[in-house]
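Here's the letter readout for the chains.
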Amino acid sequence: MTALTADDLRRLTAPTDFLDYESDPVQSFVDEAVGDRGADKRRLAVELYYAVRDEVFYEVYGADLSERGLRASHTAATRKGFCLHKSALYAAACRAVGIPARVHYGDVRNHLASDRLRAHIGGDVFFHGLNSVYLDGKWVKATPVFNKLLCRLYGMKPLEFDGVTDSLHHPFDDQGRQSMEFLTDHGGFDDVPYEFVMANMRRKHPGFLDAAGTGTVRGGSLAAEASA
């Protein structure tokens, strides 16, 4: 168990530039996701996890990577994005109900990406966003990223979260084949480290960015590519 100080608790439940939970879109998202904001914190973390996982559609194409686009309020309003967007929204939503939360980043090898996506990414190693939340005196990792529909299309079981054990990645698909590997842990951050995130995207996935460098390429659909 790692006890947080009063200053830690204030800092890790406060709104930030990107985790802007005082905004109307995030407040509305939280109200839709949880029945009672005064409920047990673990229950709230789980309810918010499934809301971000399944009510925000996972799409990598045509994603807004501007500062505005990576704010939790933008993702709550548009209800779409990929790991970088969904992790910011989950952290903001958790903080909105008093749960200390951070954004977390790593590099993962994804064996189930489509051929088109691998070509844009430059292989099968992805810069990846997830979360850590403080529950019952300890930090627990959560990855509310791949929604149920997308998992079904790619033959994966949806990644579950109970608020007790780490929910990191899909190690195997439904046929027992290796699905994802966590390669590098870049650590946790109190707010979206925008320049760090974009430097990683530019260095590791230049072919995935649009001409302006503030979004991802358009003209694709990860769901459609699952059956291609």
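Residues numbered from 1 in each chain as written. Predicted model: local features only at pLDDT ≥ 70, side-chain atom pairs only at ≥ 80, totals over all residues. Heavy atoms only, no water.

Visitor: I tried to follow the sheet that holds strand β5 (residues 138–142) on my own but got confused; where do I start?
Guide: For sheets, the rule is that strands pair by backbone hydrogen bonds, running either parallel or antiparallel. If you trace the 4 strands from one edge of the open sheet to the other, you get β5-β4-β3-β6, paired in antiparallel fashion. Edge positions in the sheet fall to β5 and β6 (180–189), since each of these pairs with one other strand and no more. Strand after strand, the sheet turns through a mean of 30° between neighbouring axes, direction not considered. Where strand β3 (residues 101–110) meets strand β4 (residues 125–135), 9 bridges bridge the pair, whose relative direction is antiparallel. Counted as the bridge partner of Val108 is Phe126 from β4. The strands touched by helix α5 (residues 83–96) within the sheet are β3, β4 and β5, with β4 carrying the most contacts at an inclination of about 10°. (Pairing = 2+ DSSP bridges. Helix = DSSP H or I, 4+ residues; strand = E, 2+ residues; numbered from the N terminus. Axes fitted to C-alpha atoms, helices over the stretch in contact; angles between N-to-C directions. Contact = heavy atoms within 4.5 Å.)

Visitor: Sorry, what's going on with the pattern of salt bridges here?
Guide: Applying the stated criterion across every chain, the model contains 15 salt bridges. With its nearest N and O atoms 2.1 Å apart, the salt bridge here joins Asp7 to Arg10. Of this pair, Asp7 and Arg10 both sit in helix α1 (residues 6–12), 3 residues apart, which is roughly one turn of that helix. A salt bridge links Asp136 to Arg42, with the shortest nitrogen-to-oxygen separation between them at 2.7 Å. Linking Asp136 in the loop between β4 and β5 with Arg42 in helix α3 (residues 41–55), this pair joins segments that are 94 residues apart in sequence. Relative accessible area serves as the criterion here: at 48%, Asp136 is assigned to the partly exposed category. (Salt bridge = Lys/Arg side-chain N within 4 Å of Asp/Glu carboxyl O. Buried < 20%, exposed > 50% of the residue type's maximum accessible area, 1.4 Å probe, protein only.)

Visitor: Just checking my understanding: could you explain the packing of α3 against α5 for this structure?
Guide: Think of two packed helices as two axes; the pair is described by the angle between the axes and how far apart they sit. Orientation of α3 relative to α5, taken along the N-to-C sense of each, is 150°, at an axis distance of 10 Å. In terms of orientation, α3 and α5 fall into the roughly antiparallel class. For the pair α3 and α5, the sense of crossing is right-handed. Of α5, the residues touching α3 (which contributes Ala45, Leu48, Tyr49, Val52 and Arg53) are Lys86, Leu89, Tyr90, Ala93 and Cys94. Tallied by class, the residues present in the contact of α3 with α5 amount to 8 nonpolar, no polar and 2 charged. (Parallel < 35°, antiparallel > 145°, perpendicular 65-115°, else oblique. Left-handed = near helix turned anticlockwise from the far one by under 90°. Nonpolar A, V, L, I, M, F, W, Y, C, P; charged D, E, K, R; others polar.)

Visitor: For this particular structure, what's the right way to read the packing of aromatic side chains?
Guide: The description of two aromatic rings rests on the distance between their centres and on the angle between their planes. Overall, the coordinates contain 12 aromatic pairs when judged by the stated rule. For the pair Phe82 and Phe208, a centre-to-centre distance of 6.1 Å together with 65° between the ring planes defines the contact as edge-to-face. Of this pair, Phe82 sits in the loop between β2 (80–81) and α5 while Phe208 sits in the loop between α8 (194–204) and α9 (222–225), and the two are 126 residues apart along the sequence. For the pair Phe82 and Phe208, a shared accessibility class is recorded, and that class is buried. Grouping aromatic residues by their ring pairs yields a cluster made of Tyr49, Tyr50, Tyr90 and Phe161. One Lys or Arg, Arg71, reaches over the ring of Phe18 and ends 5.7 Å from the middle of that ring. (Phe/Tyr/Trp six-rings, centres within 6.5 Å; stacked < 30°, edge-to-face > 60°. Lys NZ or Arg CZ within 6 Å of the ring centre and 35° of its normal.)

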